[in-house]
Amino acid sequence: MVGARRSVDWGFPRWRGYGSSREATTVRLCDRHGCDDPGNCPAPKSPNSPERWHFCQKHAAEYNSKWDYFEGLSKEEAAERAANEQRDNAGYAEASHYGWAGSGDGSRSADEMRALEALDLESDADFTTIKKAYRELAKKVHPDVAPGDKAAAAEFQKIQIAYEVLRQAEERREWKG
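Broken down by element type, the protein carries six helices and two strands. The order of α-helices and β-strands along the protein, N terminus first, is β-β-α-α-α-α-α-α. Buried residues in the protein amount to 20% of all 177 residues. Of the roughly 14,400 Å² that the protein leaves accessible, carbon and sulfur atoms contribute 52%.

Membership of the largest hydrophobic core comes to 19 residues, with the highest contact counts inside it found for Leu116, Leu119, Leu121, Ile130, Tyr134, Ile159 and Leu166. Contributing elements (two or more residues each) for this core: helix H4 (110-118), helix H5 (127-141) and helix H6 (150-174). Here Ile159 is in contact with Ala118, Leu119, Tyr134, Leu137, Ala138 and Val141, once residues within four sequence places are set aside. Counting seven residues, the second largest nonpolar core, distinct from the first, contains Cys30, Phe55, Cys56 and Ala60.

Quick look at the packing of aromatic side chains now. Within this structure, the stated rule accounts for four aromatic pairs. Plain terms: the ring middles of Phe55 and Tyr63 are 5.3 Å apart, the flat faces sit at 45 degrees to each other, and that makes the pair tilted. For the pair formed by Phe55 and Tyr63, the shared burial category is buried. A connected cluster of aromatic rings, assembled from ring pairs, spans Trp53, Phe55 and Tyr63. Taking the ring centre of Trp53 as reference, the NZ or CZ of Lys45 above it sits at 4.5 Å.

Taking 1.5 Å per residue as the helical rise, H6 with its 25 residues ought to reach 36 Å, and the 36 Å between its terminal C-alpha atoms agrees with that figure. The inward-facing, buried residues of H6 contact H4 and H5. The opening residue of H6, the one whose side-chain oxygen lies 3.3 Å from the backbone nitrogen of Ala151, is Asp149.

This part covers the confidence of the model for the protein. A residue-level look at the protein finds 74% of positions with pLDDT of 70 or above and a mean pLDDT of 79. pLDDT under 50 marks residues 100-105. Its contacts with residues more than four places away, or in other chains, come to three contacts.

Here is what the cut-offs are and how they apply
Residues numbered from 1 in each chain as written. Predicted model: local features only at pLDDT ≥ 70, side-chain atom pairs only at ≥ 80, totals over all residues. Heavy atoms only, no water. Helix = DSSP H or I, 4+ residues; strand = E, 2+ residues; numbered from the N terminus. Buried < 20%, exposed > 50% of the residue type's maximum accessible area, 1.4 Å probe, protein only. Areas by Shrake-Rupley, 256 points an atom, 1.4 Å probe, with all protein chains shown as cover. Core = buried A, V, L, I, M, F, W, Y, C linked by side-chain atoms within 4.5 Å. Contact = heavy atoms within 4.5 Å. Phe/Tyr/Trp six-rings, centres within 6.5 Å; stacked < 30°, edge-to-face > 60°. Lys NZ or Arg CZ within 6 Å of the ring centre and 35° of its normal. Expected span 1.5 Å × (residues − 1). Polar contact = N/O pair within 3.5 Å; in protein donor to acceptor, adjacent residues only side chain to side chain. pLDDT = per-residue confidence, 0-100.

And the structure:
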């Protein structure tokens, strides 16, 4: 008597991901001749065509570098389309001005750079160095150390705000969500 195959999912948690199966998945390869990388970047074969090439990321970048977005349009139509695109994307440019958008490469914002300047640190300082510099400066200019000194109190407030900016930026970088 033939019974059901035994499962490898013994109890909880499951040993396989939900929705996974035992069959092999098909991977579409890059349409560039001789390339064996996965072709996960679709690109149109011609303007306004539903047909697509499927390139790897390297070949998609190469293909897109030669792409003419305004091909087949008159100068007036091209200018109108460019103005519409610029109008629709103006919010992204504004967001980058305020530091809400970034390149994602880990570079520091302008606020972080000013905060590092206030703590007399280089732009590539890690958070342990930042914390150490903040504590050293805070011990020198703390209002309890220099009572009645308005300049020291203002300096302490400045470095406290700088440290808070850098601490929050570090928390944003470390948050895994």
